[in-house]
Amino acid sequence: MKRYLFILLLMLASIMVQAQQPDWTDYYQREAQYPENMFLTGFSSQGNVQQDSKELFDVLTEVARKQLIESIQVKIKSVAELNIQNVNSNTYEEFKQNSVSLAEANIVGLKFETYYDKRNKEAFAFAYARKSEVITYYENLIKSNLSKIQQFQNEAAQSISSNDNKEALKSLFSCNSLFRELEESRLILTALGITGENSLKTTEANQKKLDVRNTIASLLSSKQLTMQDVGYYLSYGLSVQTGEFANKILIQSPTYRDTELTSDFSAAFTPVFENNLVKVASYNIANQNIATSTADITLTGTYWEETDGLKIIYNINNNGETSASMEASLPYEWLEANNLDYIPENIQKANLLDQLELKALNPSLNAKVNQDLNLPINIQVNYLGSNTENMLANLPIKFSFLEENGKVIGTVKTDRFGVAKAFVGKITSDKKMQIIKAEIDIASFVGIDESSAYYQKILQEHQIPTTKFFLNVSGLSMFITTSETNMGQQLTIPFIEPSLKEALSNNGFAFTSDMSQADFAIDIKANARNGNTFEGLYFSFADATVSVTDLSSGMEVYKGSFKDIKGGSVNYERAGIAALKKIAEKVSSEMLSELKKS
């Protein structure tokens, strides 16, 4: 009775433990209680955890949060990159994703729960937010920001009437971070399916942004902007938004569009901007060698082409939050007058790919297995554009086999005539038809890593010049002479020769009875002699020498000597044959290995 009572208590204890486990740890219950149409969710777990800890749950909670954010990001990225709105005949980029840091989106109403399963030693974390609360928050934030922007516009108007342009600019610049929040809020609401004008206030927001821009432009219209002017303008605009920073700020060179690539303009603008940040904004600039991940405050920029000039935008990221933002334009006339290239060299080279073609000069070649292809494979690169400069020299051409897991032969640069020659080396595969591909080495030519996103973009957007070579591969031919004896008698059916032929033919070698057509000559001499007997068993001993000569050089490339190889059977004749068969196995294995090395 006590035994049954003990078992019952154990079962009850197990049920109680299971009852304490939250429903959200189970996928199906989580989906039922937090349906996708009502909640944003993120979930993470980790098994084989010895004990729960704050550090563990901090990690799992962050993973769950990122998963929730990523679900929004996926939907945001499905929104058109540029949603053009026309406001007072001025084309406007409504959703400029370059200026919004999606990864740092602040989702309000986000809640977290954690649980540790002691019995199974598994930890769980769950992040969730009710969509209706998130939508309400961002709708209210849009209304609030529009009200604040109107207040700053009113203050700027009063300052202008008092001829206090500095205060006017300060008020107008203060609108920038509010516009950033508006853009982020509209993106998140759109991702959540809210597209109504009453919620997004798109027209009103765009009109206000246009009004602010026009007012700033009018205040600065007396000055033809130069790169120095832009540096001053951006620095001052950031300073009135942030004041002075006690910590050091790491400034990064502006990158072109979404490529993370820099240009001559990037290199020229960075020191000018940095100098203005020190003089105008009194920022404490950090050493460029500091890693971005270790900096508390970073100043990141990007630029792209617009109708009248380069649009440059800079954001200050303070511990994961955008605390200030500024935009400016640099006229194309100034860039051209100063011979400053704003298209990164990497992109210029990538665009050149569409104007190049590769042609195999000797596309069909004969080759032999286990032998070097002595003739080089040659390609000619042709430039199809109209540029008068020599575009054909020093182009990196990569040669590789289409099969053999894409085995790379090597990369060769073209000469000034666009010709590249590559030596294939030894042909190791015995496949009769083999194909070698020649192509521009994109990573080397453009100057980017193959793991970068821009590398994949190049593959998608450009035709990569390639050409092919076709190898007609045959086996090396062998001429064999053999002398095999057993008990002093010449064998009419040899044993070493057929065994050797089978091993060689299985590895791509051929045979000929015409020595003048052969690549190698094999000479076999073998003899089996009688040994002793023991209890009805007869034993023989065999000796053999095998020599292989390379007929192209006259050099002996292999010589095997086998002594006293023992064989046993019911009589001396069969014992001799057994000994010769053992030699045949040794010769086949050893010779094949040496021929592959030669």
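For the structure itself, consult the block above.
All values reported here derive from a predicted model rather than from experimental measurement.

**Digging into the environment of D23**
Secondary-structure assignment places D23 in the loop between helix 1 (2-20) and helix 2 (27-33). We classify D23 as partly exposed; its relative accessible area is 36%. Through-space distance from the C-alpha of D23 to that of Q33 is 8.4 Å; in sequence the pair is 10 residues apart. In this view, D23 contacts Q29, R30 and Q33; residues no more than four positions away in its chain are not counted.

**Concerning the pattern of salt bridges**
Applying the stated rule across the entire model yields 19 salt bridges. With a closest N to O distance of 2.5 Å, R213 and E327 form a salt bridge. One end of the pair, R213, is in helix 8 (residues 202-219); the other, E327, is in strand 10 (residues 321-331), with 114 residues separating them in the sequence. K525 is the salt-bridge partner of D523, the closest N and O atoms lying 2.7 Å from each other. The class for D523 is partly exposed, based on a relative accessible area of 27%. Given a relative accessible area of 44%, K525 falls into the partly exposed group.

**Details of the nonpolar core**
Membership of the largest hydrophobic core comes to 109 residues, with the highest contact counts inside it found for F265 and I397. For this core, the element with the most residues is helix 4 (residues 131-161), which contributes eight residues. Counting residues in hydrophobic clusters, the runner-up holds 28 residues, among them F509, A542, A544 and L580.

**Focus on the packing of aromatic side chains**
Evaluated as defined, the whole model comprises 21 aromatic pairs. Among the aromatic side chains, those forming a connected cluster through ring pairs are W24, Y34, F39, F43, Y115, F124, F126 and Y128. Directly above the ring of F43 sits R30, whose terminal nitrogen or CZ lies 3.8 Å from the centroid. In this structure, K566 packs its charged tip against the face of F539, placed 4.5 Å from the ring centre.

Thresholds, definitions, all that
Position numbers for residues count from 1 along each chain, tracking the sequence in the order it is written. For a predicted model such as this one, the threshold for reporting local features is a pLDDT of at least 70, and the threshold for listing and counting side-chain atom pairs is 80 or more; totals across whole chains, interfaces and linings nevertheless cover every residue. As a convention, hydrogens and water are excluded, and side-chain values are obtained from all of the structure's heavy atoms. Only DSSP runs of H or I with at least four residues qualify as helices, and only runs of E with at least two residues qualify as strands; both kinds are numbered from the N terminus onward. Each residue is assigned to one of three classes by its accessible area relative to the maximum for its type, calculated with a 1.4 Å probe on protein chains only: buried under 20%, partly exposed between the two thresholds, exposed over 50%. Should any heavy atoms of two residues lie within 4.5 Å, those residues are considered in contact. Any carboxyl oxygen of Asp or Glu that lies within 4 Å of a side-chain nitrogen of Lys or Arg is treated as forming a salt bridge with it. Residue types Ala, Val, Leu, Ile, Met, Phe, Trp, Tyr and Cys, when buried and joined through side-chain atoms within 4.5 Å, form a set referred to as a nonpolar core. Only the six-membered ring of Trp is used, alongside the rings of Phe and Tyr, when aromatic pairs are assigned; centres must lie within 6.5 Å, and planes under 30 degrees apart are stacked while those over 60 apart are edge-to-face, with the rest tilted. Put simply, a charge is over a ring when the Lys NZ or the Arg CZ is close to the ring centre, within 6 Å, and near the line of the ring normal, within 35 degrees.

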